[in-house]
Amino acid sequence: MNNRLLWTPTPEWVAQTHLTHYLQWLEQKSGYGIPADYQQAWEWSTIHPADFWASLVDYFDLPWTYSKAMQGEMPHTRWFEGAMLNYAEAIFRRADDRFPAILFQAEHLPVQETSWAELRGQVAALRAHLQSLGVQPGDRVVGYLPNIPQATVALLAALSLGAVWSCCSPDFGASSVLERFAQIEPKVLIAVNAYPYGGKRFDRRDDVRNLQANLPSLLNTVLIPYLEEFTLDLPKAIPGPN
């Protein structure tokens, strides 16, 4: 058996990791004073889990308030009771215009870069559109989408309104997707007309029609023309961003 070490990070690599920065912060932070040593920090986290989880909230500067990090013993612990956090707000709070927000490549497209400014603008536009469709906090917005930048935009736009988001890949059959979506009674469906895989094009317009016909709670559909050769000819469908 060969026990040769295959790879180890350089000191420069280690120095720039979040874990190293967290341990240094933990040592310097008033009220914690834990040595910047992994083993000692790990032992502290297991003995004082409430302090450990509270320290992560402080370290990542999450935009929320709460009464206690944890109350009660596992498995009946109540975590961060009273806390409210908007995921989209937290994401954009960390935006750094020195770097792209999204790097994406599909098999039929070159690498695409989305800046934070572009992402913010697209999310704001879709958010306004969802508001015009009557989406309110607690409403359900669902996606029938591949892993594309538009899916990230849809997720953030829905969550920014306090809506519940659920998404299924379009390689799922319509019956499987319907079983999932019917349980949460969505108000808006965001879907692609088709998607590519392995050099082939897969038309999903019939599946979208099936979802529209069998989700009585559905009021509107936003259709993303992901593959332009498939026309947008669905009832109650509003073209989405390309």
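Shown above is the structure to which this text applies.
Residues numbered from 1 in each chain as written. Predicted model: local features only at pLDDT ≥ 70, side-chain atom pairs only at ≥ 80, totals over all residues. Heavy atoms only, no water.

Peer 1: Which residues make up the side chain of threonine 77, and what are the values?
Peer 2: Among the secondary structure elements, threonine 77 is positioned in the loop between β1 (70–71) and β2 (78–79). By relative accessible area, which is 11% here, threonine 77 ends up buried. Polar contacts involving the side chain of threonine 77 include one to the main-chain amide nitrogen of methionine 74, which spans 3.1 Å. Non-local contacts of threonine 77, meaning those with residues more than four positions away in its chain, are made with Met70, Gln71 and Gly72. (Helix = DSSP H or I, 4+ residues; strand = E, 2+ residues; numbered from the N terminus. Buried < 20%, exposed > 50% of the residue type's maximum accessible area, 1.4 Å probe, protein only. Polar contact = N/O pair within 3.5 Å; in protein donor to acceptor, adjacent residues only side chain to side chain. Contact = heavy atoms within 4.5 Å.)

Peer 1: Talk me through the pairing of strand β9 (residues 200–203); I want residue IDs and the actual numbers.
Peer 2: Pairing analysis gives 4 bridges linking strand β8 (residues 194–197) to β9, with the strands arranged antiparallel. By the bridge assignment for β9, alanine 194 is matched with aspartate 203. Turn length for the β8-β9 hairpin, with the two strands adjacent in sequence and antiparallel, is 2 residues, and the turn residue glycine 198 shows positive phi of about 60°. (Pairing = 2+ DSSP bridges.)

Peer 1: Kindly report on the packing of helix α2 (residues 18–28) against helix α4 (residues 49–60), identifying the contributing residues and their values.
Peer 2: Orientation of α2 relative to α4, taken along the N-to-C sense of each, is 105°, at an axis distance of 11 Å. Of the possible angle classes, the one that applies to α2 and α4 is roughly perpendicular. Contacts from His18, His21, Tyr22, Trp25 and Leu26 of α2 reach α4 at Phe52, Ser55, Leu56, Asp58, Tyr59 and Phe60. Partitioning the contact of α2 with α4 into residue classes produces 7 nonpolar, 3 polar and 1 charged. (Axes fitted to C-alpha atoms, helices over the stretch in contact; angles between N-to-C directions. Parallel < 35°, antiparallel > 145°, perpendicular 65-115°, else oblique. Nonpolar A, V, L, I, M, F, W, Y, C, P; charged D, E, K, R; others polar.)

Peer 1: Kindly report on helix α9 (residues 205–214), identifying the contributing residues and their values.
Peer 2: Along α9, the positions that sit buried rather than exposed are Arg205, Asp207, Val208, Leu211 and Gln212. Mapping the buried residues of α9 onto a view down its axis gives an arc of 160°, with all of them on the same face. Projecting away from the buried face of α9 at angles above 90 degrees are the exposed residues Asp206 and Ala213. (Arc of directions from axis to C-beta.)

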